[in-house]
2 protein chains.
Amino acid sequence: MTAHHDPADTPARLEARATWRVSRMHARVTRLLGAAFDADGDGLRSYHYRLLAALNEWGAMSQADLGRRTGIDRSDVTGALGDLEPRGLVTRHTDPAHARRKIVAITPGGVGRLRELDAVIDGVQERFLAPLTPAQRRTFLDLASRLADVPPDDGS
Amino acid sequence: MTAHHDPADTPARLEARATWRVSRMHARVTRLLGAAFDADGDGLRSYHYRLLAALNEWGAMSQADLGRRTGIDRSDVTGALGDLEPRGLVTRHTDPAHARRKIVAITPGGVGRLRELDAVIDGVQERFLAPLTPAQRRTFLDLASRLADVPPDDGS
DNA sequence: TGGGATGTGTTGGCACGTCCAACATTGTTT
DNA sequence: AAACAATGTTGGACGTGCCAACACATCCCA
(Lines give C-alpha, C1' and ligand atoms only; values in the text may rest on other atoms or scores of the structure.)
Protein backbone atom coordinates (compact mmCIF):
# COMPACT_ATOMS: atom_id res chain seq x y z
CA MET A 1 0.00 0.00 0.00
CA THR A 2 2.03 2.92 1.28
CA ALA A 3 5.77 2.87 0.89
CA HIS A 4 6.42 2.25 4.56
CA HIS A 5 9.64 3.63 5.81
CA ASP A 6 12.06 1.24 7.44
CA PRO A 7 11.98 2.16 11.13
CA ALA A 8 15.61 1.12 11.57
CA ASP A 9 16.39 4.14 9.41
CA THR A 10 15.32 6.95 11.67
CA PRO A 11 17.51 9.62 13.14
CA ALA A 12 18.19 8.78 16.77
CA ARG A 13 16.99 12.17 17.98
CA LEU A 14 13.63 11.45 16.42
CA GLU A 15 13.32 7.83 17.39
CA ALA A 16 13.92 8.63 21.04
CA ARG A 17 11.04 11.05 21.28
CA ALA A 18 7.58 10.22 22.51
CA THR A 19 5.98 12.67 20.10
CA TRP A 20 7.58 10.86 17.18
CA ARG A 21 6.28 7.50 18.30
CA VAL A 22 2.83 8.93 18.77
CA SER A 23 2.97 10.31 15.26
CA ARG A 24 3.96 6.94 13.88
CA MET A 25 1.28 5.14 15.84
CA HIS A 26 -1.21 7.62 14.51
CA ALA A 27 -0.02 7.02 10.99
CA ARG A 28 -0.59 3.32 11.44
CA VAL A 29 -4.00 3.87 12.99
CA THR A 30 -4.96 6.10 10.11
CA ARG A 31 -3.78 3.57 7.56
CA LEU A 32 -5.68 0.73 9.23
CA LEU A 33 -8.86 2.70 9.73
CA GLY A 34 -8.77 4.07 6.22
CA ALA A 35 -8.35 0.63 4.74
CA ALA A 36 -11.13 -0.78 6.90
CA PHE A 37 -13.57 2.01 6.04
CA ASP A 38 -12.70 1.70 2.39
CA ALA A 39 -13.26 -2.05 2.47
CA ASP A 40 -16.55 -1.75 4.29
CA GLY A 41 -17.42 0.79 1.65
CA ASP A 42 -20.30 3.21 1.56
CA GLY A 43 -17.92 6.14 1.85
CA LEU A 44 -18.49 6.62 5.55
CA ARG A 45 -15.55 7.87 7.60
CA SER A 46 -14.62 8.47 11.16
CA TYR A 47 -16.65 11.67 11.39
CA HIS A 48 -19.80 9.79 10.55
CA TYR A 49 -19.08 7.10 13.06
CA ARG A 50 -18.50 9.66 15.78
CA LEU A 51 -21.78 11.36 15.06
CA LEU A 52 -23.77 8.13 14.94
CA ALA A 53 -22.18 6.99 18.19
CA ALA A 54 -23.03 10.26 19.91
CA LEU A 55 -26.63 10.22 18.71
CA ASN A 56 -27.04 6.60 19.71
CA GLU A 57 -25.68 7.17 23.17
CA TRP A 58 -27.15 10.54 24.04
CA GLY A 59 -30.26 10.68 21.91
CA ALA A 60 -31.47 13.37 19.55
CA MET A 61 -30.08 16.86 19.82
CA SER A 62 -29.38 19.96 17.83
CA GLN A 63 -26.50 20.15 15.41
CA ALA A 64 -24.73 22.70 17.56
CA ASP A 65 -24.96 20.46 20.61
CA LEU A 66 -23.82 17.54 18.55
CA GLY A 67 -20.78 19.48 17.47
CA ARG A 68 -19.95 20.58 20.98
CA ARG A 69 -20.28 17.16 22.50
CA THR A 70 -18.28 15.41 19.83
CA GLY A 71 -15.67 18.11 19.43
CA ILE A 72 -16.51 18.46 15.76
CA ASP A 73 -16.86 21.90 14.27
CA ARG A 74 -20.39 23.07 13.46
CA SER A 75 -19.58 23.37 9.79
CA ASP A 76 -18.18 19.87 9.61
CA VAL A 77 -21.25 18.53 11.39
CA THR A 78 -23.34 20.08 8.66
CA GLY A 79 -21.24 18.39 6.03
CA ALA A 80 -21.26 14.97 7.62
CA LEU A 81 -24.99 15.06 8.25
CA GLY A 82 -25.38 15.83 4.60
CA ASP A 83 -23.91 12.40 3.99
CA LEU A 84 -25.84 10.56 6.68
CA GLU A 85 -29.32 11.91 6.03
CA PRO A 86 -29.66 10.82 2.39
CA ARG A 87 -28.63 7.34 3.47
CA GLY A 88 -31.47 7.24 5.94
CA LEU A 89 -29.15 6.80 8.91
CA VAL A 90 -30.24 10.04 10.51
CA THR A 91 -33.22 12.39 10.43
CA ARG A 92 -33.17 16.14 10.65
CA HIS A 93 -36.23 18.14 11.53
CA THR A 94 -36.39 21.71 12.70
CA ASP A 95 -37.15 22.21 16.37
CA PRO A 96 -40.79 23.31 16.71
CA ALA A 97 -39.78 25.64 19.51
CA HIS A 98 -36.80 27.20 17.74
CA ALA A 99 -37.21 27.58 14.04
CA ARG A 100 -33.52 28.08 13.51
CA ARG A 101 -32.51 24.91 15.27
CA LYS A 102 -32.53 21.43 13.76
CA ILE A 103 -32.92 18.34 15.88
CA VAL A 104 -30.95 15.38 14.65
CA ALA A 105 -31.90 11.83 15.52
CA ILE A 106 -30.47 8.46 14.62
CA THR A 107 -32.77 6.07 12.77
CA PRO A 108 -33.10 2.30 13.25
CA GLY A 109 -31.11 1.93 10.08
CA GLY A 110 -28.50 4.22 11.56
CA VAL A 111 -28.29 2.07 14.66
CA GLY A 112 -27.78 -0.98 12.51
CA ARG A 113 -25.09 0.70 10.52
CA LEU A 114 -23.42 1.81 13.73
CA ARG A 115 -23.28 -1.80 14.88
CA GLU A 116 -21.69 -2.83 11.63
CA LEU A 117 -19.12 -0.11 11.92
CA ASP A 118 -18.46 -1.22 15.48
CA ALA A 119 -17.44 -4.59 14.13
CA VAL A 120 -15.24 -3.03 11.49
CA ILE A 121 -13.51 -0.85 14.02
CA ASP A 122 -13.09 -3.66 16.50
CA GLY A 123 -11.23 -5.53 13.81
CA VAL A 124 -8.90 -2.59 13.47
CA GLN A 125 -8.28 -2.57 17.23
CA GLU A 126 -7.25 -6.17 17.05
CA ARG A 127 -4.84 -5.57 14.22
CA PHE A 128 -3.44 -2.44 15.78
CA LEU A 129 -2.82 -3.99 19.17
CA ALA A 130 -1.59 -7.29 17.77
CA PRO A 131 2.03 -6.75 18.91
CA LEU A 132 0.98 -6.54 22.56
CA THR A 133 -0.12 -9.13 25.08
CA PRO A 134 -3.49 -8.60 26.81
CA ALA A 135 -1.75 -7.23 29.91
CA GLN A 136 0.33 -4.85 27.83
CA ARG A 137 -2.78 -3.71 26.00
CA ARG A 138 -4.41 -2.82 29.27
CA THR A 139 -1.34 -0.92 30.37
CA PHE A 140 -1.14 0.91 27.08
CA LEU A 141 -4.80 1.91 27.18
CA ASP A 142 -4.39 3.23 30.69
CA LEU A 143 -1.30 5.29 29.94
CA ALA A 144 -2.73 6.50 26.65
CA SER A 145 -5.86 7.77 28.29
CA ARG A 146 -3.80 9.78 30.75
CA LEU A 147 -1.78 11.26 27.93
CA ALA A 148 -4.80 11.92 25.76
CA ASP A 149 -7.17 13.57 28.17
CA VAL A 150 -5.31 16.50 29.53
CA PRO A 151 -6.91 19.88 30.12
CA PRO A 152 -5.86 22.44 27.52
CA ASP A 153 -2.33 23.30 28.56
CA ASP A 154 -2.88 26.93 27.71
CA GLY A 155 0.52 28.50 27.24
CA SER A 156 1.30 30.24 30.50
CA MET B 1 -6.18 28.04 21.66
CA THR B 2 -8.30 25.30 20.17
CA ALA B 3 -11.73 24.69 21.60
CA HIS B 4 -10.74 21.48 23.39
CA HIS B 5 -13.50 19.04 23.77
CA ASP B 6 -14.36 17.88 27.26
CA PRO B 7 -13.16 14.28 27.36
CA ALA B 8 -15.88 13.34 29.82
CA ASP B 9 -18.24 13.90 26.92
CA THR B 10 -17.23 11.13 24.60
CA PRO B 11 -19.36 8.22 23.46
CA ALA B 12 -18.34 5.14 25.37
CA ARG B 13 -17.76 3.12 22.21
CA LEU B 14 -15.19 5.67 21.14
CA GLU B 15 -13.54 6.20 24.49
CA ALA B 16 -12.91 2.51 24.91
CA ARG B 17 -10.96 2.16 21.71
CA ALA B 18 -7.21 2.31 21.41
CA THR B 19 -7.41 3.99 18.02
CA TRP B 20 -9.42 6.82 19.51
CA ARG B 21 -6.92 7.39 22.29
CA VAL B 22 -4.09 7.40 19.81
CA SER B 23 -5.95 9.98 17.77
CA ARG B 24 -6.42 12.16 20.82
CA MET B 25 -2.82 11.80 21.88
CA HIS B 26 -1.80 12.77 18.38
CA ALA B 27 -4.06 15.79 18.51
CA ARG B 28 -2.35 16.88 21.69
CA VAL B 29 1.10 16.26 20.28
CA THR B 30 0.21 18.26 17.21
CA ARG B 31 -1.11 21.13 19.31
CA LEU B 32 1.97 21.21 21.52
CA LEU B 33 4.43 20.93 18.65
CA GLY B 34 2.61 23.52 16.60
CA ALA B 35 2.61 25.97 19.47
CA ALA B 36 6.29 25.34 20.18
CA PHE B 37 7.33 25.76 16.55
CA ASP B 38 5.23 28.87 16.27
CA ALA B 39 6.79 30.35 19.39
CA ASP B 40 10.30 29.52 18.27
CA GLY B 41 9.31 31.13 15.04
CA ASP B 42 11.14 31.14 11.75
CA GLY B 43 8.36 29.13 10.14
CA LEU B 44 10.17 25.82 10.42
CA ARG B 45 8.07 22.73 10.95
CA SER B 46 8.47 19.08 11.66
CA TYR B 47 9.48 18.26 8.08
CA HIS B 48 12.43 20.60 8.36
CA TYR B 49 13.52 19.16 11.66
CA ARG B 50 13.37 15.64 10.29
CA LEU B 51 15.55 16.56 7.35
CA LEU B 52 18.11 18.42 9.42
CA ALA B 53 18.30 15.52 11.85
CA ALA B 54 18.85 13.02 9.07
CA LEU B 55 21.57 15.11 7.42
CA ASN B 56 23.28 15.70 10.73
CA GLU B 57 23.30 12.04 11.62
CA TRP B 58 24.04 10.44 8.28
CA GLY B 59 25.90 13.14 6.45
CA ALA B 60 25.31 14.56 2.99
CA MET B 61 23.25 12.61 0.53
CA SER B 62 21.03 13.02 -2.49
CA GLN B 63 17.48 14.28 -2.16
CA ALA B 64 16.09 10.92 -3.21
CA ASP B 65 18.09 9.12 -0.52
CA LEU B 66 17.06 11.72 1.96
CA GLY B 67 13.46 11.10 1.14
CA ARG B 68 13.79 7.35 1.38
CA ARG B 69 15.61 7.38 4.69
CA THR B 70 13.26 9.84 6.32
CA GLY B 71 10.09 8.43 4.81
CA ILE B 72 9.28 11.78 3.26
CA ASP B 73 8.07 11.90 -0.31
CA ARG B 74 10.54 13.20 -2.92
CA SER B 75 8.29 16.08 -3.80
CA ASP B 76 7.93 17.14 -0.19
CA VAL B 77 11.68 16.96 0.26
CA THR B 78 12.05 19.38 -2.61
CA GLY B 79 9.61 21.74 -0.99
CA ALA B 80 11.17 21.62 2.46
CA LEU B 81 14.69 22.08 1.11
CA GLY B 82 13.39 25.14 -0.67
CA ASP B 83 12.78 26.56 2.80
CA LEU B 84 16.02 25.41 4.37
CA GLU B 85 18.46 26.45 1.66
CA PRO B 86 17.63 30.18 1.58
CA ARG B 87 18.08 30.23 5.36
CA GLY B 88 21.58 28.87 4.95
CA LEU B 89 20.83 25.77 7.00
CA VAL B 90 21.55 23.46 4.12
CA THR B 91 23.50 23.47 0.86
CA ARG B 92 22.55 21.83 -2.40
CA HIS B 93 25.07 21.17 -5.12
CA THR B 94 24.71 18.83 -8.06
CA ASP B 95 26.64 15.62 -7.85
CA PRO B 96 29.71 15.91 -10.13
CA ALA B 97 29.28 12.27 -11.07
CA HIS B 98 25.55 12.42 -11.78
CA ALA B 99 24.37 15.65 -13.25
CA ARG B 100 20.79 14.92 -12.41
CA ARG B 101 21.42 14.28 -8.74
CA LYS B 102 21.80 16.94 -6.05
CA ILE B 103 23.80 16.33 -2.91
CA VAL B 104 22.36 17.98 0.17
CA ALA B 105 24.51 18.82 3.17
CA ILE B 106 23.80 20.48 6.48
CA THR B 107 25.74 23.65 7.23
CA PRO B 108 27.24 24.72 10.57
CA GLY B 109 24.32 27.10 10.86
CA GLY B 110 21.99 24.19 10.22
CA VAL B 111 23.62 22.20 12.98
CA GLY B 112 23.15 25.10 15.35
CA ARG B 113 19.54 25.48 14.38
CA LEU B 114 19.05 21.76 14.85
CA ARG B 115 20.35 22.04 18.40
CA GLU B 116 17.95 24.86 19.11
CA LEU B 117 15.06 22.86 17.73
CA ASP B 118 16.17 19.94 19.87
CA ALA B 119 15.66 22.08 22.92
CA VAL B 120 12.28 23.24 21.73
CA ILE B 121 11.15 19.69 21.08
CA ASP B 122 12.51 18.41 24.36
CA GLY B 123 10.34 20.97 26.07
CA VAL B 124 7.37 19.53 24.26
CA GLN B 125 8.26 16.01 25.42
CA GLU B 126 8.28 17.20 28.97
CA ARG B 127 4.89 18.83 28.66
CA PHE B 128 3.41 15.91 26.79
CA LEU B 129 4.60 13.28 29.24
CA ALA B 130 3.87 15.37 32.30
CA PRO B 131 0.99 13.18 33.52
CA LEU B 132 3.25 10.14 33.79
CA THR B 133 5.91 9.13 36.28
CA PRO B 134 9.38 8.33 34.94
CA ALA B 135 8.69 4.61 35.15
CA GLN B 136 5.40 5.02 33.33
CA ARG B 137 7.11 7.08 30.68
CA ARG B 138 9.56 4.32 30.03
CA THR B 139 6.75 1.79 29.79
CA PHE B 140 4.81 3.99 27.44
CA LEU B 141 7.79 4.55 25.18
CA ASP B 142 8.41 0.84 25.01
CA LEU B 143 4.84 -0.09 24.19
CA ALA B 144 4.51 2.78 21.76
CA SER B 145 7.54 1.73 19.81
CA ARG B 146 6.12 -1.76 19.41
CA LEU B 147 2.85 -0.34 18.19
CA ALA B 148 4.49 2.19 15.90
CA ASP B 149 7.06 0.10 14.11
CA VAL B 150 5.13 -2.70 12.57
CA PRO B 151 5.86 -4.05 9.11
CA PRO B 152 3.25 -3.00 6.58
CA ASP B 153 0.29 -5.21 7.40
CA ASP B 154 -0.52 -5.70 3.76
CA GLY B 155 -4.10 -6.81 3.46
CA SER B 156 -4.14 -10.60 3.57
C1' DT C 1 26.11 1.17 -30.42
C1' DG C 2 21.97 1.67 -29.64
C1' DG C 3 17.44 1.68 -27.00
C1' DG C 4 14.53 0.46 -23.25
C1' DA C 5 14.38 0.52 -18.45
C1' DT C 6 15.29 2.90 -14.25
C1' DG C 7 16.52 6.91 -11.27
C1' DT C 8 16.14 12.05 -10.21
C1' DG C 9 14.26 16.59 -9.09
C1' DT C 10 10.31 19.30 -9.83
C1' DT C 11 5.59 20.85 -10.53
C1' DG C 12 0.92 20.39 -9.70
C1' DG C 13 -2.72 18.33 -7.71
C1' DC C 14 -5.83 15.33 -4.58
C1' DA C 15 -7.59 13.64 -0.03
C1' DC C 16 -8.36 14.08 4.64
C1' DG C 17 -8.88 16.22 9.03
C1' DT C 18 -9.15 20.38 11.37
C1' DC C 19 -10.27 24.97 11.93
C1' DC C 20 -11.99 29.82 11.08
C1' DA C 21 -14.67 33.84 9.05
C1' DA C 22 -18.71 35.53 7.42
C1' DC C 23 -23.56 35.57 6.71
C1' DA C 24 -28.66 35.46 7.12
C1' DT C 25 -31.71 34.20 10.28
C1' DT C 26 -33.83 33.39 14.74
C1' DG C 27 -33.88 33.96 19.87
C1' DT C 28 -32.84 36.29 24.19
C1' DT C 29 -31.79 40.13 27.33
C1' DT C 30 -32.54 44.43 29.21
C1' DA D 1 -37.22 48.34 20.56
C1' DA D 2 -32.21 47.59 20.30
C1' DA D 3 -28.11 45.24 21.27
C1' DC D 4 -26.67 40.73 21.76
C1' DA D 5 -25.99 35.77 21.28
C1' DA D 6 -26.92 31.43 19.09
C1' DT D 7 -27.83 28.41 14.81
C1' DG D 8 -26.97 26.31 10.35
C1' DT D 9 -24.56 27.00 6.21
C1' DT D 10 -21.14 28.27 2.78
C1' DG D 11 -16.62 28.86 1.45
C1' DG D 12 -12.12 28.80 2.34
C1' DA D 13 -7.41 28.07 4.74
C1' DC D 14 -3.78 25.13 6.40
C1' DG D 15 -0.76 20.96 7.35
C1' DT D 16 0.41 16.36 6.40
C1' DG D 17 0.62 12.85 3.39
C1' DC D 18 0.14 10.90 -1.13
C1' DC D 19 0.48 10.20 -6.33
C1' DA D 20 1.05 11.32 -11.45
C1' DA D 21 3.52 13.29 -14.90
C1' DC D 22 7.39 15.46 -16.80
C1' DA D 23 12.21 16.41 -18.61
C1' DC D 24 16.27 14.84 -18.16
C1' DA D 25 20.19 11.85 -16.90
C1' DT D 26 22.27 7.34 -16.34
C1' DC D 27 22.52 2.35 -16.68
C1' DC D 28 22.23 -2.20 -18.67
C1' DC D 29 21.92 -5.47 -22.09
C1' DA D 30 20.89 -7.21 -26.56
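Keep in mind that this is a model prediction, so the values were computed, not measured.

Examining the sheet that holds strand β1 (residues 61–62) of chain B
Residue and element names in this part refer to chain B. Strand order in the open sheet made by the 3 strands is β1-β3-β2, with antiparallel pairing throughout. Strand pairing shows two members of the sheet lacking a second neighbour, β1 and β2 (90–94), which therefore form its edges. Here β2 runs beside strand β3 (residues 102–106); their pairing, made up of 5 bridges, is antiparallel. Considered in β3, the bridge of Thr 91 is made with Ala 105. Packed onto the sheet, helix α3 (residues 46–58) meets β1, β2 and β3 and runs at close to 90° relative to β3.

A few points about the protein's contact with DNA strand D
Around DNA strand D, the surrounding shell holds 23 residues, and the nearest of these are A:Ala64, A:Lys102, B:Tyr47, B:Arg50 and B:Ser75. For DNA strand D, the backbone portion of the atoms within 4 Å of the protein, that is sugar and phosphate, comes to 60%. Interatomic distance of 3.4 Å between a side-chain N/O atom of A:Arg101 and a phosphate oxygen of DNA strand D. Between a phosphate oxygen of DNA strand D and a main-chain N or O atom of B:Ala99, the distance comes to 2.8 Å. Sorting the residues of the surface near DNA strand D by element identifies α4 (63–70) and α5 (74–84) of chain A together with α3 and α5 (74–84) of chain B as the ones contributing at least two each. The residue inventory of the surface near DNA strand D, partitioned by class, reads 5 nonpolar, 6 polar and 12 charged.

Focus on the packing of helix α2 (residues 18–40) of chain B against helix α6 (residues 108–129) of chain B
Residues and elements named next belong to chain B. For the pair α2 and α6, the least separation of the axes is 10 Å and the interaxial angle reads 140°. The angle between α2 and α6 places the two elements in the oblique class. Crossing hand, α2 versus α6: right-handed. Across the interface between the two elements, Met 25, Arg 28, Val 29, Leu 32, Leu 33, Ala 36, Phe 37 and Asp 40 from α2 touch Arg 113, Leu 117, Val 120, Ile 121, Val 124, Arg 127 and Phe 128 from α6.

Remarks on the relation of the copies chain B and chain A
At an RMSD of 0.1 Å, chain B and chain A line up after a rotation of 180° and a shift of 0.0 Å along the axis. On this basis, the relationship between the two copies can be described by a two-fold rotation axis. A shared interface surface links the copies, since 100% of the contact residues of chain B are contact residues in chain A too.

A closer look at the confidence of the model for chain A
Summary statistics for chain A give a mean pLDDT of 90 and a share of 90% for residues scoring 70 or more. Mean pLDDT per element in chain A: helix α1 (residues 12–15) of chain A is the minimum at 90, and strand β3 (residues 102–106) of chain A is the maximum at 98.

As for the interface of chain B and chain A
Taken residue by residue, the interface counts 64 residues in chain B and 64 residues in chain A. Around 5,900 Å² of area is buried between chain B and chain A when both sides are counted, 63% of it from carbon and sulfur atoms. For chain B, the biggest contributors to the area lost against chain A are B:Arg13, B:Arg17 and B:Leu147; these three give 13% of the whole. For the interface between chain B and chain A, the tally reads 6 salt bridges.

Let's talk about the sheet that holds strand β2 (residues 90–94) of chain A
All names here are of chain A. Pairing in this open sheet of 3 strands is antiparallel, and the strands run β1-β3-β2 from one edge to the other. The sheet is open, and its two borders are formed by β1 (61–62) and β2, each paired with just one other strand. By the bridge criterion, 2 bridges tie β1 to β3 in an arrangement that is antiparallel. Bridged to Met 61 within β3 is Val 104. Here helix α3 (residues 46–58) sits on the sheet in contact with β1, β2 and β3, set at roughly 90° to β3.

Brief notes about α5(A)
Residues and elements named next belong to chain A. Every buried residue belonging to α5 is among Val 77, Ala 80, Leu 81 and Leu 84, and all of these are buried. On an axial view of α5, the arc spanned by its buried residues comes to 105°, and they lie on one face. On its buried side, α5 packs onto α3, α4, β2 and β3.

Overview of the protein's contact with DNA strand C
Around DNA strand C sit 23 residues, and of these A:Arg50, A:Ser75, B:Ala64, B:Arg101 and B:Lys102 come closest. In the environment of DNA strand C, a phosphate oxygen lies 3.4 Å from a nitrogen or oxygen atom belonging to the side chain of B:Thr78. A distance of 2.3 Å is found between a phosphate oxygen of DNA strand C and a side-chain nitrogen or oxygen belonging to B:Lys102. Put simply, the parts of the chain that give the surface near DNA strand C at least two residues each are α3 and α5 of chain A together with α4 (63–70) and α5 of chain B. Split into classes, the residues belonging to the surface near DNA strand C amount to 4 nonpolar, 7 polar and 12 charged.

A few points about the packing of aromatic side chains
Within the structure shown, the criterion is met by 1 aromatic pair over all chains. Between the aromatic rings of A:Phe140 and B:Phe140, the centroid separation amounts to 6.2 Å while the plane-to-plane angle is 5°, which identifies the pairing as stacked. With A:Phe140 in helix α7 (residues 134–148) and B:Phe140 in helix α7 (residues 134–148), this pair bridges two chains. Its relative accessible area of 0% is what places A:Phe140 among the buried residues. It is A:Arg69 that lies over the ring of A:Trp58; its NZ or CZ is 4.0 Å from the centre.

Thresholds, definitions, all that
Residues numbered from 1 in each chain as written. Chains lettered and ligands numbered in written order. Predicted model: local features only at pLDDT ≥ 70, side-chain atom pairs only at ≥ 80, totals over all residues. Heavy atoms only, no water. Pairing = 2+ DSSP bridges. Helix = DSSP H or I, 4+ residues; strand = E, 2+ residues; numbered from the N terminus. Contact = heavy atoms within 4.5 Å. Axes fitted to C-alpha atoms, helices over the stretch in contact; angles between N-to-C directions. Near = heavy atom within 4 Å. Polar contact = N/O pair within 3.5 Å; in protein donor to acceptor, adjacent residues only side chain to side chain. Nonpolar A, V, L, I, M, F, W, Y, C, P; charged D, E, K, R; others polar. Parallel < 35°, antiparallel > 145°, perpendicular 65-115°, else oblique. Left-handed = near helix turned anticlockwise from the far one by under 90°. Least-squares fit on C-alpha atoms with pLDDT ≥ 70 in both. pLDDT = per-residue confidence, 0-100. Buried area = accessible area lost by both parts, 1.4 Å probe. Salt bridge = Lys/Arg side-chain N within 4 Å of Asp/Glu carboxyl O. Buried < 20%, exposed > 50% of the residue type's maximum accessible area, 1.4 Å probe, protein only. Arc of directions from axis to C-beta. Phe/Tyr/Trp six-rings, centres within 6.5 Å; stacked < 30°, edge-to-face > 60°. Lys NZ or Arg CZ within 6 Å of the ring centre and 35° of its normal.

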